[in-house]
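# Inside the fold
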Amino acid sequence: MSEYCIELNNVTKTFGKFTAVDNVNIKLEPGKVYGFVGPNGAGKSTTMAIIMGTLFPTKGNGKVFGHPLASPEALKVLGYSPEFTSFYSDMNCIEYLYYMATLAGLSSDEAIKRTNELLDQFDLKQHANRRVAKFSTGMKKKVSLAQAMIHRPKVLLLDEPTANLDPTSRQEILDTVRKMVEEEHLTVLISSHVLTELETIINHVIMIDHGHIILDAPIHEAQEKFKQGILMVDTSNNDQLLSELNGRYEYTLEEGNIRFATVEMEQLKKDIVSIVFNSQLTLNMLKEEVLSLDSLYKQIMEGEKSDEGNIQKNA
Ligand SMILES: Nc1ncnc2c1ncn2[C@@H]1O[C@H](COP(=O)(O)OP(=O)(O)O)[C@@H](O)[C@H]1O
Ligand SMILES: [Mg+2]
């Protein structure tokens, strides 16, 4: 048995001349929640389809608990909620889940039992007899999550489960995922192009852009590593402050304020306070910005663009 639930080794996927996924290496450990983040077109859905065995890699290979991609053993332990859900127009919620359960190989009795469990677990009982095709986007996503869990998978792949949802439904979906992770010993790969919302539920972040993995790190490490402090400063004489700092810190000017970016935050603050004191300036503002996952992401993306070819990897 492999120590990883999912492993992709040098996986590349091309569509004609276009490379959608470029030499990707991913290793997912059991019991963790992975955020798979990147802008639209980055290669998230393609990567997930490769793990699911619905697309074959052009190069490279992968394993699911040591079994080859697309093997029956692999498919058995994978649950998948696709980016775009489509439902048979005439099926109500019970019929749909029952149908999916039988497709997953459950006997008729087991399928009925499992359908009831899931209706309960996902709080769908009161909508059980309504047609799924008529559900709101948020409810459809929930049914899609329930469907992904139907055969009690060990690994869940959720492709943009919160896309196009209002904030309340988005929170509800994330709470549902959190609850599933706590109750079952699940490994989750959850993709999104909105990062901040994942911050509270993921242990690990994998960032992808133009088919390349540009970051693969525990969430706290990622946040720490790129914690280049940002300090917004305004004084009665910013020119004087800057001239006395003598080019020791990088800065930009934003609407008359100075925006410092530094890894030496403590020293910068001491220097500013001392200059303000000695030169009798007035300190109007001194504000440190907290780095969110979104700003981390922007920082890496901007770094990538200004530094083509030199990709930050496994930072
Ligand atoms: N079947 C396909 N044929 C051609 N190009 C594709 C196909 N599937 C995806 N792509 C392209 O591959 C890139 C990655 O797509 P995708 O994996 O869907 O990105 P993401 O899910 O990160 O938004 C995109 O530029 C997309 O247009
Ligand atoms: Mg996608």
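### Thoughts on the overall build of the chain
A tally of helices and strands in the chain yields ten helices and 14 strands. Dimensions of the chain, computed from the C-alpha atoms along their principal axes, are close to 80 × 45 × 35 Å. Burial analysis of the chain (315 residues in total) assigns 49% to the buried set. Taking the contacts inside the chain whose residues are at least 6 apart along the sequence as the reference set, 69% of them involve residues at least 24 apart. Entry remark: accessible area of the chain is about 15900 Å², with carbon and sulfur atoms responsible for 49%.

### Brief notes about the coordination of the magnesium ion (ligand 2)
Within the protein, the atoms that donate to the magnesium ion (ligand 2) are Ser45 (OG) and Glu83 (OE), at distances of 2.0 to 2.4 Å. Pair noted here: serine 45 is in helix α1 (residues 44-52) and glutamate 83 is in the loop between β6 (78-81) and α3 (93-103), with a separation of 38 residues, a long-range link. Its relative accessible area of 27% is what places serine 45 among the partly exposed residues.

### What to know about the packing of helix α8 (residues 238-245) against helix α9 (residues 265-278)
Running from amino to carboxyl end, α8 crosses α9 at an angle of 120°, the nearest separation of the two axes being 10 Å. In terms of axis orientation, α8 runs oblique to α9. By crossing handedness, the relation of α8 to α9 is classed as right-handed. Where α8 approaches α9, its residues Leu241, Glu244 and Leu245 are matched on the opposing element by Asp271, Ile272 and Ile275. Taken together, the residues of the contact of α8 with α9 sort by class into four nonpolar, no polar and two charged.

### Describing the sheet that holds strand β13 (residues 257-262)
Here we have four strands laid out as an open sheet, ordered β12-β13-β11-β14, and antiparallel in their pairing. For this open sheet the edge positions go to β12 (250-254) and β14 (283-289), each flanked by a neighbour on one side alone. Direction aside, neighbouring strands of the sheet carry axes that sit 20° apart on average. Of the pairings in the sheet, the one linking strand β11 (residues 229-235) to β13 comprises five bridges and is antiparallel in character. Within β13, the residue paired with valine 233 across the bridge is isoleucine 258. The strands touched by α8 are β11, β12 and β13; relative to β13, the strand with the most contacts, the crossing angle is about 25°. Of the strands in this sheet, β11, β13 and β14 touch α9, which is tilted by about 10° from β11.

### A look at the confidence of the model for the chain
Reading predicted coordinates in detail is not appropriate for stretches of low pLDDT. Of all residues in the chain, 92% attain a pLDDT of 70 or more, and the chain-wide mean is 90. Note that pLDDT drops below 50 for residues 308-315; the model gives that stretch 18 contacts with residues more than four away or on any other chain.

### Quick notes on α8
Those residues of α8 not exposed but buried are Asn238, Leu241, Leu242 and Leu245. Projected onto a plane normal to the axis of α8, the buried residues spread over an arc of 95° and lie on a single side. Relative to its buried face, α8 has exposed residues pointing more than 90 degrees away, namely Asp239 and Ser243. The inward-facing, buried residues of α8 abut β11, β12, β13 and α9. Immediately beyond the C-terminal end of α8, within one or two residues, lies asparagine 246, with a positive phi of roughly 55°.

### Some details on the packing of α3 against helix α5 (residues 137-148)
Relative to each other, α3 and α5 sit at 30°, their axes nearing to 10 Å. When the axes of α3 and α5 are compared, the pair comes out roughly parallel. As for how α3 packs across α5, the hand of that crossing is right-handed. Residues Cys93, Tyr96, Leu97 and Met100 of α3 form the contact with α5, whose participating residues are Val143, Ala146 and Gln147. Residues of the contact of α3 with α5, tallied by class, amount to six nonpolar, one polar and no charged.

Procedures and definitions
Residues numbered from 1 in each chain as written. Chains lettered and ligands numbered in written order. Predicted model: local features only at pLDDT ≥ 70, side-chain atom pairs only at ≥ 80, totals over all residues. Heavy atoms only, no water. Helix = DSSP H or I, 4+ residues; strand = E, 2+ residues; numbered from the N terminus. Buried < 20%, exposed > 50% of the residue type's maximum accessible area, 1.4 Å probe, protein only. Contact = heavy atoms within 4.5 Å. Areas by Shrake-Rupley, 256 points an atom, 1.4 Å probe, with all protein chains shown as cover. Donors = N, O, S within 2.8 Å, 3.2 Å for Na, K, Ca; no water. Axes fitted to C-alpha atoms, helices over the stretch in contact; angles between N-to-C directions. Parallel < 35°, antiparallel > 145°, perpendicular 65-115°, else oblique. Left-handed = near helix turned anticlockwise from the far one by under 90°. Nonpolar A, V, L, I, M, F, W, Y, C, P; charged D, E, K, R; others polar. Pairing = 2+ DSSP bridges. pLDDT = per-residue confidence, 0-100. Arc of directions from axis to C-beta.

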